[in-house]
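Residue strings, one per chain:
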Amino acid sequence: MKKYLLLTLVLVLATALAGCGGEKLNKLGYYPKLNVYNWSDYIDPEVLKDFEDEYGIRVNYENFATNEEMLAKLKAGGTSYDVLFPSDYMVQALIELGMLQELDFDNLDNFKNIDPMFKNLLFDPENKYSVPYFWGTMGIVYDSARIPEDITSWRALWDDKYAGKIVMLDSPRDSIGITLKMLGYSANTRDIGELNEAMAELIKQKPIVRSYEIDAFKDMMASGDAIMSLCWSGDAMLLISEHPNLSYVIPEEGTNVWVDCMVVPTVSKHKREAELFINYMLRPDVNAKCAIAIGYSTANTEAIKLLPEETQNDEVAYPKGNVWDKGEIFIDLGEFTVEYDRVWTEIKSK
Ligand code: N2P
């Protein structure tokens, strides 16, 4: 009996001491840390601080540059991530690999704010595992002061006139995807002949490519070191707002439309807190704050209403009409993914 009394005393003391560390108990009654893994430049950092203050949950925040990098890190183990932000096809791949937990929508009442256009999409037909965050298109950002002609085709990225000033994305699905579109093929092709044709085009283009980047192209476009770059719409929107000499075009051969989501991987030991975080990110004020900071298009109808009017009417970020008419969404290619990886390695090693 004495033993139990002592144990209780020790526990009571330990709890009291933990409380003295300046840490607040969270709404669930303890002090967890959440490991969040997101794209770079894809949140307003202030909302992380606000979340920590409001919920008493500390956030360990890390960035990845591509879906593929995120998957490799997740497969390598080491960190038990709690919230990830993969794109559509990567959500599908993670589901197929059994790496995601089903979400409890009783904890996600702000899911109602998501535009129905972004719900129940092919990569997660019943939204069992994922909640949309931001979306966008792929296009070309270019310096219209130094490029007098109208750009209408992806071929512009192959134009010798701009040799050494063209930047491509260091991302296999994106760079290969637009090349497939340029050739009139699906960006999801599983035809080895079509894929090899795209590879040949990208190898031919390589001598005029300044570099393959993910984030650095923004500074290169801003400074004028690069004259055109493959670019996601949100980055384009922010760049153009600061540099009116820049323009964004979706070439007429069509493009990729993508939706980035929030998910909880199976390695997470804090699903309840992860859902608190996801629900918080879906709050209209929080979501709008991020939209303003990063320039990307939110899938959250209530957040859009809080954006400045000129942003709501911006054709780059919020093109009129059905977004699915603008292009193809990437699907997970399953075992065929190794062929895209092979092609990308070959291009990069030339
Ligand atoms: C943000 C990258 C956006 C990801 N830096 C596009 N899917």
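Residues numbered from 1 in each chain as written. Predicted model: local features only at pLDDT ≥ 70, side-chain atom pairs only at ≥ 80, totals over all residues. Heavy atoms only, no water.

## Some remarks on the confidence of the model for the protein
Any residue range with low pLDDT should be treated as having predicted coordinates unsuitable for detailed reading.
Item 1. Put simply, the protein has an average pLDDT of 92, and 91% of its residues get 70 or more.
Item 2. Here residues 1-22 is modelled with pLDDT under 50, and outside its nearest four sequence neighbours on either side it reaches three contacts, counting other chains as well. (pLDDT = per-residue confidence, 0-100. Contact = heavy atoms within 4.5 Å.)

## Side note on helix H4 (residues 88-96)
Item 1. Among the nine residues in H4, seven count as buried, and that is most of the element.
Item 2. Inspection of H4 places Asp88, Tyr89, Met90, Val91, Gln92, Ala93 and Leu94 among the buried residues, and these make up the whole buried set.
Item 3. Considering only its buried residues, H4 is in contact with helix H3 (67-76), strand S3 (83-84), strand S4 (130-143), helix H5 (172-182) and strand S9 (255-263).
Item 4. Among the residues trailing H4, Gly98 stands out with phi positive, at a value near 70°. (Buried < 20%, exposed > 50% of the residue type's maximum accessible area, 1.4 Å probe, protein only. Helix = DSSP H or I, 4+ residues; strand = E, 2+ residues; numbered from the N terminus.)

## Some words on the side chain of Gln92
Item 1. Relative to the helices and strands, Gln92 resides in helix H4.
Item 2. Judged by its relative accessible area of 16%, Gln92 falls in the buried class.
Item 3. Not counting residues up to four positions away in its chain, the partners in contact with Gln92 are Phe123, Ile331 and Asp332.

## Some remarks on the pairing of strand S8 (residues 246-249)
Item 1. Residues of S8 alternate between two faces, with Leu246 and Tyr248 on one and Ser247 and Val249 on the opposite face, all of them buried.
Item 2. Where S4 and S8 come together, four bridges link them in antiparallel fashion. Bridge pairing in S8 links Tyr142 to Ser247. (Pairing = 2+ DSSP bridges.)

## A look at the environment of Asn120
Item 1. Relative to the assigned elements, Asn120 resides in the loop between H4 and S4.
Item 2. Expressed as a C-alpha distance, the spacing of Asn120 and Val131, which sit eleven residues apart in the sequence, is 9.7 Å.
Item 3. The residues touching Asn120, leaving out its near neighbours within four places in the chain, are Pro125, Glu126 and Asn127.

## Notes on the packing of aromatic side chains
Pairs of aromatic rings are described using the distance from one ring centre to the other and the angle between the two planes.
Item 1. This structure, assessed with the given rule, holds 21 aromatic pairs.
Item 2. Through successive ring pairs, a cluster of aromatic residues spans Tyr37, Trp39, Tyr42, Phe64, Tyr81, Phe85, Tyr133, Phe134, Trp232, Trp258 and Tyr296.
Item 3. Lying across the ring of Tyr89, Arg173 places its NZ or CZ 5.0 Å from the centre.
Item 4. Looking at Arg173, its charged tip hangs above the ring of Tyr340, at a distance of 5.3 Å from the centre. (Phe/Tyr/Trp six-rings, centres within 6.5 Å; stacked < 30°, edge-to-face > 60°. Lys NZ or Arg CZ within 6 Å of the ring centre and 35° of its normal.)

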